[in-house]
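In case you want the letters, here they are:
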Amino acid sequence: MDTAFIILSLITVGGAVWAVTLRNLMHAVLSLVLFFFGIAGFFFYLNADFVGWVQILVYVGAVAILAIFAIMLTHNLTAEDEPEFFSLRWLTGLAVAGAVGAVLWFAIKNNTAMSQVAPVGVASNVADIGRKMMTDWVVPFEVVSLLLTAALIGSIVIAMEQISHRK
Amino acid sequence: MTTLAHFQILASLLFAIGLFGAVTRRNAIIVLLSIEIMFNAANLSLVAFWRYSPHPEQLSGVMFAIFGIAISAAEAAVGLALVIVIYRYYKSIQVDEMRTLKG
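We now turn to the structure provided with this report. (Residues numbered from 1 in each chain as written. Chains lettered and ligands numbered in written order. Predicted model: local features only at pLDDT ≥ 70, side-chain atom pairs only at ≥ 80, totals over all residues.)

Looking only at helices and strands, one finds three helices and zero strands in chain B. In summary, chain B has a C-alpha radius of gyration of 17 Å against a globular reference of 13 Å for 103 residues, an excess of more than 25%. Projected onto its principal axes, the C-alpha positions of chain B cover 55 × 25 × 25 Å. Sorting the 103 residues of chain B into buried and exposed places 55% on the buried side. Sequence separation of at least 24 residues holds for 49% of the intrachain contacts in chain B that already meet a minimum separation of 6. (Helix = DSSP H or I, 4+ residues; strand = E, 2+ residues; numbered from the N terminus. Rg over C-alpha atoms; globule rule 2.2 N^0.38 Å. Buried ≥ 20, exposed ≤ 12 C-beta atoms within 10 Å, placed from the backbone. Contact = placed C-beta atoms within 7 Å.)

Structure below.
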């Protein structure tokens, strides 16, 4: 482990823990932005520059702003009746997440192929990604563009339904 | 030296944190954002596998991560639109108050 990995791990784990435990919703979303930046840092660290920039544009630029708008539109800044620390609900969640995490950790620990070090000179440049996307991955690319169009129209229709009923 | 196992253990830890938030919190917005944490953990895992793979020129992990980001953005848009409609109907976004279908 080197220093960059440790710092980025602290940023992402801290941001994720704050995002799921803080009671003030705006603070939770801001910790989530910290988490998204940490993940983008990991993508840069892994030489996947394009994915890192997409992460910053889509998550920090769009998803976080969308979540802040949803919080402001629902007038619900503080969640008063969130479960207390060490309540039954909290402990059940901890047990479920702990069990899933333990199974994954066990599988990773017992896999000898996981202990290799990083090969040198691996990088992704944008020209190669674009060429791959237009040749080998063109069908998934078209399907995703259809999915995004459907999601765009669908979210407008869902949010507009109530207005047409009110007339 | 950072090995592949370090990245995978970090990704599974982040996935577990997101799962904890999704099953524990009552606010629907935070539940959606916990699902985003799980998506990000999966993307980190895929990109780490690409970085350590014997055929990085195939760019498979990078492509998976890009498509995953696009799909999770669509999910977030539809999910938050649903949250707004649910708020208009129930005047609340606490997930345990939506029990019309409960027998």
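Turning to the overall build of chain A, a few remarks are in order. For chain A, the helix and strand inventory stands at six helices and zero strands. Along its sequence from the N terminus, chain A presents helices and strands in the succession α-α-α-α-α-α. Buried positions account for 22% of the 167 residues belonging to chain A. Nonlocal contacts in chain A, meaning residues at least 24 apart in sequence, comprise 53% of its contacts between residues at least 6 apart.

With that out of the way, let us pick up the packing of helix H2 (residues 25-45) of chain A against helix H2 (residues 28-51) of chain B. In a packed pair of helices, the relevant descriptors are the angle between the two axes and the axis-to-axis distance. Running from N to C, H2(A) and H2(B) cross one another at 10°; their axes reach a closest spacing of 11 Å. With respect to each other, H2(A) and H2(B) are oriented roughly parallel. Here A:Leu25, A:Ala28, A:Val29, A:Leu32, A:Phe35, A:Ile39, A:Phe42 and A:Phe43 of H2(A) come into contact with H2(B), specifically with B:Ile29, B:Ile30, B:Leu33, B:Ile37, B:Asn40, B:Leu44 and B:Val47. Classifying every residue of the contact of H2(A) with H2(B) by side-chain character gives 14 nonpolar, one polar and no charged. (Axes fitted to C-alpha atoms, helices over the stretch in contact; angles between N-to-C directions. Parallel < 35°, antiparallel > 145°, perpendicular 65-115°, else oblique. Nonpolar A, V, L, I, M, F, W, Y, C, P; charged D, E, K, R; others polar.)

The next subject is the nonpolar core. Within soluble globular proteins, side chains that are nonpolar generally end up buried alongside one another. In terms of nonpolar packing, the biggest core is built from 66 residues, with A:Ala67, B:Leu14, B:Ile29, B:Leu33, B:Ile37, B:Val47 and B:Val62 touching the most fellow members. Among the secondary structure elements, those contributing two or more residues to this core are helix H1 (3-21), H2 and helix H3 (49-73) of chain A together with helix H1 (4-24), H2 and helix H3 (60-90) of chain B. A total of 14 residues in this core trace back to one element, the largest contributor, which is H2(B). (Core = buried A, V, L, I, M, F, W, Y, C linked by C-beta atoms within 7 Å.)

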